[in-house]
Amino acid sequence: MTDLPSPPTSLMTIGAFAQATRLSSKALRLYDDLGLLPPTHVDAHTGYRYYAPAQLDAARLIGLLRQLNMPLSAIRTVLQAAPSERPALIRRYWASAEQQHRAHRALADYVLNTLEGDTMTQTFTVHTRDLPTRLIATIQRRVYQPDLDGFLPPSIKRLIEFIPAQGAAIAGPPFVIYHGAVTADSDGPVEVCVPYTGTLTPTAGITLREEEAHHEAYVTVTKRQFEFPAILEAFDVTAAYAGAHGTCSDLICREVYPYDWDQADPDAPAAEVAWPYWPNS
């Protein structure tokens, strides 16, 4: 039987490496399987893993980043980056994590206020308007909340370009109808709409239909108020107004975009939230 070469004496067993880095052997095996931190040497006979002292810094960095709840895929990006680029990647991740934490805290406040019957934290002035029967060009898709930004602006742009290209005229601001809840677990569907006059021929992905005349309650929201979950209060107040002054119609709540979103400041009007209803006689 041929003797197998022994690992260099300078290497550390997985147990010693785990103790030095305060990572468990189970975690080290996972990082090996994922290619994040492969051992320097694996004994071909026993399968024992051995690590070099030079890997200590990388292992400790992985452990610290995991305590920040950084996904392993993001940690891989950090490890593959040049050392000088790593701080910027970590700052970018942490800024995103803090933004998500603020959104979760605001959502928790919203849920608690709803359960405890507290008044809303924002002030909205409800207006009403009558809308005639109108033709609309639409793009509808099932989409989850994280993918909304990748769906809404391109779809609005496509419809705004499509209508005049066929010789028709845009007859109102774009609006978005939510036919169902849009969250990380629920995918709507969501319908992007642009009113028009004239004659259009439907094309791939674009549907043409008529929306009936209706009355609606609406509020103006700023970019800052538009952020989730603050926007939920705008939907709540319009729904409450519609319910108090009539009967909610079969039409669905919507967001309307009569302003230049890209040019709007955070506290300037950026959009509207509207809730169709049938007024009391």
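Residues numbered from 1 in each chain as written. Predicted model: local features only at pLDDT ≥ 70, side-chain atom pairs only at ≥ 80, totals over all residues. Heavy atoms only, no water.

### Digging into the nonpolar core
Next up, step 1: Judged by nonpolar contacts, the single largest core of 32 residues is most densely connected at Leu 152, Ile 163, Val 190 and Val 221.
Next up, step 2: At the level of elements, β5 (134–141), α6 (148–165), β7 (175–178), β8 (190–197), β10 (214–222), α8 (230–245) and β13 (269–279) are the ones that each hand at least two residues to this core.
Next up, step 3: With seven residues, the single largest contributor to this core is α6.
Next up, step 4: Setting aside residues no more than four positions away along its own chain, Val 190 makes contact with Ile 139, Gln 140, Arg 141, Val 143, Leu 148, Phe 151, Leu 152, Val 176, Ile 177, Tyr 178 and Val 182.
Next up, step 5: Ranked by size, the runner-up nonpolar core spans 22 residues in total, among them Tyr 31, Ala 59, Leu 72 and Ile 75. (Core = buried A, V, L, I, M, F, W, Y, C linked by side-chain atoms within 4.5 Å. Buried < 20%, exposed > 50% of the residue type's maximum accessible area, 1.4 Å probe, protein only. Helix = DSSP H or I, 4+ residues; strand = E, 2+ residues; numbered from the N terminus. Contact = heavy atoms within 4.5 Å.)

### A word on the UniProt feature "domain: HTH merR-type" (unreviewed entry) in the protein
Next up, step 1: In this numbering, the UniProt entry assigns the feature "domain: HTH merR-type" (unreviewed entry) to residues 11–81.
Next up, step 2: Taken end to end, residues 11–81 is 54% helix and 10% strand, and its first and last C-alpha atoms sit 25 Å apart. (UniProt positions renumbered as here; feature names shortened; annotations may be inferred.)

### Digging into the environment of Gly 180
Next up, step 1: Tracing the sequence through the fold places Gly 180 in the loop between β7 and β8.
Next up, step 2: In the structure, Gly 180 is positioned 58 residues away from Thr 238 in sequence and 17 Å away in space, judged by C-alpha atoms.

### Quick notes on the pattern of salt bridges
Next up, step 1: The final tally for this structure, using the stated rule, is nine salt bridges.
Next up, step 2: One salt bridge connects Arg 129 with Glu 272, and the closest N-O pair in it is separated by 2.9 Å. With Arg 129 in strand β4 (residues 127–131) and Glu 272 in strand β13, this pair connects stretches of sequence that are 143 residues apart. Judged on exposure class, the residue Arg 129 and its partner Glu 272 are both buried.
Next up, step 3: A salt bridge links Glu 191 to Arg 209, with the shortest nitrogen-to-oxygen separation between them at 3.0 Å. Taken together, the residues span a long stretch of sequence, with Glu 191 in strand β8 and Arg 209 in strand β9 (residues 207–211) at a distance of 18 residues.
Next up, step 4: One connected set of salt bridges, linked through shared partners, spans Arg 129, Glu 216 and Glu 272. (Salt bridge = Lys/Arg side-chain N within 4 Å of Asp/Glu carboxyl O.)

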